[in-house]
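# Summary of structural features
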Amino acid sequence: MIRNTVHRIAPSILSADFARLGEEVRSVIDAGADWIHFDVMDNHYVPNLTFGPMICSALRPHARKADGTAVPIDVHLMVSPVDALAQSFAEAGADLISFHPDATSHVHRSVQAIKARGCKAGLVFNPAASLDVLDWMIDEIDLILIMSVNPGFGGQGFIDSALRKVEQARRRIDASGKDIRLEVDGGIKADNIARVAAAGADTFVSGSAIFGKPDYRAVIDAMRKELAGGA
Ligand code: DX5
Ligand code: ZN
């Protein structure tokens, strides 16, 4: 069984100050972010509109640690259709690109197109979506992203039934024997992150809980402490 026991914290810049995005990305990386989560909304698949590939490309040089190591940009596409934008994000320097299976007509083809462009590919599951598509797709993907809020907005409350879905996804990953990241997105804070990890997640998106506080490092450190078992 392959299990990613290294926990990753992926701050969502959806809750960052859009007037200072490059600086926000640098600050949150200095504060200990492992990935930068980049929420793309199209006012069609979800009722909100954010940023596109040009912003991703502008931010790419800012997503580096002090020693120059690149920090992965984790693009979460909440768009329909998927393929043209996925290609643009691959060209804009995205490292991982995830999409919602119900947002494309041909899930397998969309995954292959992402991987053919050198990116890791992920599938995203809304709170009411079943994991059935994984019966056919688990051998093709690098990441499963479980939504613990309905997509479209930051700052919503965590939906508890997501924990059961994380457990199911963890069982599927373990049965596959593959090295697949299990990420959870929505309503994650220091006070619930340990429960999400206990359900089997290894990667944690957090927007408002981090960017809503003045000291990003304090929040990320508190999350890591919880992940390490508290106290
Ligand atoms: C919601 C986005 C999330 C969001 C999480 O559609 O996919 O990534 O930014 O924000 P919080 O952590 O505030 O729920
Ligand atoms: Zn997201």
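A brief structural summary.

Thresholds, definitions, all that
- Residues numbered from 1 in each chain as written.
- Chains lettered and ligands numbered in written order.
- Predicted model: local features only at pLDDT ≥ 70, side-chain atom pairs only at ≥ 80, totals over all residues.
- Heavy atoms only, no water.
- Near = heavy atom within 4 Å.
- Polar contact = N/O pair within 3.5 Å; in protein donor to acceptor, adjacent residues only side chain to side chain.
- Areas by Shrake-Rupley, 256 points an atom, 1.4 Å probe, with all protein chains shown as cover.
- Donors = N, O, S within 2.8 Å, 3.2 Å for Na, K, Ca; no water.
- Tetrahedral: all angles 85-135°; square planar, octahedral: opposite > 155°, others 65-115°.
- Helix = DSSP H or I, 4+ residues; strand = E, 2+ residues; numbered from the N terminus.
- Core = buried A, V, L, I, M, F, W, Y, C linked by side-chain atoms within 4.5 Å.
- Buried < 20%, exposed > 50% of the residue type's maximum accessible area, 1.4 Å probe, protein only.
- Contact = heavy atoms within 4.5 Å.
- Axes fitted to C-alpha atoms, helices over the stretch in contact; angles between N-to-C directions.
- Parallel < 35°, antiparallel > 145°, perpendicular 65-115°, else oblique.
- Left-handed = near helix turned anticlockwise from the far one by under 90°.
- Nonpolar A, V, L, I, M, F, W, Y, C, P; charged D, E, K, R; others polar.
- Disulfide = S-S within 2.5 Å.

Glancing now at the site of ligand 1. Near ligand 1 lie 20 residues; those nearest to it are Asp39, Gly155, Asp185, Gly207 and Ser208. Contact between ligand 1 and Asp39: an oxygen atom at 2.7 Å from a side-chain N or O atom of the residue. The separation between an oxygen atom of ligand 1 and a polar main-chain atom of Gly155 is 2.8 Å. Relative to its unbound accessible area of 380 Å², ligand 1 is 100% covered by the protein chains.

Our next topic: the coordination of the zinc ion (ligand 2). All of the protein donors around the zinc ion (ligand 2) are His37 (NE2), Asp39 (OD), His76 (ND1) and Asp185 (OD); their distances to the metal are 2.0 to 2.3 Å. Viewed at the metal, the 6 donor atoms of the zinc ion (ligand 2) are separated by angles of 68 to 169 degrees, and the geometry they form is octahedral. Read N to C, the donor residues that coordinate the zinc ion (ligand 2) are spaced as H-x1-D-x36-H-x108-D. With His37 in strand S2 (residues 36–41) and His76 in strand S3 (residues 73–78), this pair connects stretches of sequence that are 39 residues apart.

For the rest of this paragraph, the subject is unusual backbone geometry. Here the bond from Ser80 into Pro81 is cis, since omega is 0 degrees, no more than 30 degrees from zero. Along the chain, the position of Pro81 falls in the loop between S3 and helix H3 (83–91). In this structure, Asn43 takes a positive phi of about 55 degrees despite not being glycine. Mapped onto the elements of the fold, Asn43 is located in the loop between S2 and helix H2 (53–59).

A word on the nonpolar core. Among the nonpolar cores identified, the biggest contains 73 residues, and Ile13, Phe38, Val75, Leu77, Ile97, Ile144 and Ile146 are the most heavily contacted of them. Once residues lying within four places of it in the same chain are set aside, the contact partners of Ile97 are Val75, Leu77, Ala86, Phe89, Ala90, Ile114, Cys119, Lys120, Ala121 and Gly122. Membership of the second largest hydrophobic core comes to 5 residues, among which are Ala10, Trp35, Leu143 and Val205.

Below, the discussion takes up the packing of helix H1 (residues 21–30) against helix H9 (residues 216–227). Between H1 and H9, the least distance of the axes is 8 Å, while the angle of their chain directions is 45 degrees. What the angle tells us is that H1 and H9 run oblique. Between H1 and H9 the crossing geometry is right-handed. Contacts between H1 and H9 involve Glu24, Ser27, Val28 and Asp30 from the former and Tyr216, Arg217 and Ile220 from the latter. Looking at the contact of H1 with H9, its residues break down into 3 nonpolar, 1 polar and 3 charged.

On to the state of the cysteines. Under the definition given, this model contains 0 disulfides. As a non-bridged cysteine, Cys56 has Cys119 as the owner of its nearest cysteine sulfur, 9.0 Å distant. Under the relative-accessibility criterion, Cys56 is labelled buried at 0%.

In this section: the side chain of His37. A residue is classified by how much of its surface remains accessible, and His37, at 0% relative accessible area, is buried. Polar side-chain contacts of His37 include one of 2.8 Å to the side chain of Asp74. There is a polar contact of 3.5 Å between the side chain of His37 and the side chain of His76. Ignoring anything within four residues of it in the chain, the contact list for His37 reads Ala10, Pro11, Ser12, Ile13, Asp74, His76, Leu145, Glu183, Asp185 and Val205.

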